[in-house]
Amino acid sequence: MNLHTPVLLKESINLLITKNDGVYFEGTAGFGGHTEAILKNLNQRGKLIATDKDENAFKYCKEKFQSDKRFSIYNTTFSNIDIISKIEFIEKFDGIFVDLGVSSYQLDNSEAGFTFREDSPLDLRMNKNEGITAADVLNNLSEKEIADILFKFGEEKKSRLIAKRIVEARTKRKFETTFQLKEIIEKIVPPNYLLKSLSRVFQALRIYVNNELEELKLFLDKSINLLNKNGRIVVLTYHSLEDRIVKEKFKYETLKCVCPAGTPVCICGKEQRLKLVNSKPIVPSEDEIKKNKRARSAKLRAAERI
């Protein structure tokens, strides 16, 4: 079973670990690629707290690292970092890491409901026990709402036409499987653009169903509050929407003043809380992309608490 090849592994660890006896948080443990590397770089006094919404990933990591007393994992969203820290009696973290990618296991396993390469239930939820499915979205939302989701979260140019065809199709048969959606897109998009459009549409629905961008914003806000001085937050993104949120948040937190230009005296009371570790994002080498094509869009950003 192909679980996941961790992306920018060495670079992530080098940016994250500033003290090997520190307390660290990993927002999406997945199938333990980065987790294992973090633990290898901690001594016996170090500690790693992790979360993952996906039940399969949670169970896998819990079993894989069950003998390591330095490790704890919770089956919840990373935006609950503040709650987890209280449960663990942790006041501040020395480093916080999150890999926002979907694992190879989720993408390739039809039962996980993320792939359009096999006919499977049109679900797309990370946690199958909460929220609405992608099928619910297509069956119940208006044509405009569906078009807006596909354009806003997938940047799909044919969003309006796809939404129109979806609404027409559901009057005859409710959406239940991935192939029902795939067939509609196949009739609209030329073959040479089909794979990209399918990826964009499924990405858009996944982001919406899991409320991913709002979760990320909430997580970033809480994380900065929970970082020790000189502690680092390291984020691995895979598409422009995520990367823009991280980039803008980091930039805002590096500013000492946000008063309008020309204001004679600062009255905003803004506090600089971060400094950038890398001014430009780190991207995978050509060699890494050849070995793992899913790394091609990855961007790694890091900032340090001051």
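Heads up: the structure comes first, above all this text.
These remarks concern the structure in this document. Remember, it's a predicted structure, so these values are computed and weren't measured experimentally.

1. A few points about the packing of aromatic side chains
Each aromatic ring pair is summarised here by two numbers: the centre-to-centre distance and the angle between the ring planes.
Okay, step 1: In total, this model carries seven aromatic pairs according to the counting rule given.
Okay, step 2: Ring centres 5.3 Å apart and planes at 65 degrees place the aromatic pair Phe31 and Tyr60 in the edge-to-face group. Here the residue Phe31 occupies a position in the loop between β1 (23–26) and α2 (33–40), and Tyr60 occupies one in helix α3 (residues 55–64), the gap between them amounting to 29 residues.
Okay, step 3: Under the relative-accessibility criterion, Tyr60 is labelled partly exposed at 31%.
Okay, step 4: Stacked on the ring of Tyr252, the Lys or Arg Lys270 has its end atom at 4.6 Å from the ring centre.

2. A look at the environment of Val277
Okay, step 1: Residue placement: Val277 occurs in the loop between β6 (274–276) and α13 (286–291).
Okay, step 2: Here the alpha-carbon distance between Val277 and Val234, two residues 43 residues apart in the chain, equals 9.4 Å.
Okay, step 3: Among residues more than four places away in sequence, those in contact with Val277 are Leu15, Arg232, Ala302, Ala303 and Glu304.

3. Quick look at the nonpolar core
Okay, step 1: Residues Phe93, Leu181, Leu205, Phe219 and Leu220 are the most contacted members of the largest nonpolar core, which totals 60 residues.
Okay, step 2: Per element, the largest residue contribution to this core is eight residues, and it comes from helix α10 (residues 191–210).
Okay, step 3: Residues in contact with Phe219, not counting those within four places in the same chain, are Phe25, Phe78, Ser79, Ile81, Ile96 and Val98.
Okay, step 4: If you look at the next biggest cluster of nonpolar residues, it comprises 27 residues, including Ile13, Ala37, Ile38 and Leu300.

4. Structural notes on the sheet that holds strand β7 (residues 299–305)
Okay, step 1: Overall, mixed pairing links the seven strands, which are arranged β3-β2-β1-β4-β5-β7-β6 in an open sheet. With partners counted over all chains shown, the strands left at the sheet margins are β3 (71–74) and β6, one partner each. Here the average twist between neighbouring strands, direction ignored, is 20 degrees.
Okay, step 2: Where β1 meets strand β2 (residues 47–51), four bridges bridge the pair, whose relative direction is parallel. Residue Tyr24 lies in a different strand from β2, and its bridge partner there is Leu48.

5. Quick notes on the pairing of β3
Okay, step 1: With four bridges connecting them, β2 and β3 associate as parallel partners. Of the residues in β3, the one forming a bridge with Thr51 is Tyr74.

Each value, and the rule that gives it
Residues numbered from 1 in each chain as written. Predicted model: local features only at pLDDT ≥ 70, side-chain atom pairs only at ≥ 80, totals over all residues. Heavy atoms only, no water. Phe/Tyr/Trp six-rings, centres within 6.5 Å; stacked < 30°, edge-to-face > 60°. Helix = DSSP H or I, 4+ residues; strand = E, 2+ residues; numbered from the N terminus. Buried < 20%, exposed > 50% of the residue type's maximum accessible area, 1.4 Å probe, protein only. Lys NZ or Arg CZ within 6 Å of the ring centre and 35° of its normal. Contact = heavy atoms within 4.5 Å. Core = buried A, V, L, I, M, F, W, Y, C linked by side-chain atoms within 4.5 Å. Pairing = 2+ DSSP bridges. Axes fitted to C-alpha atoms, helices over the stretch in contact; angles between N-to-C directions.

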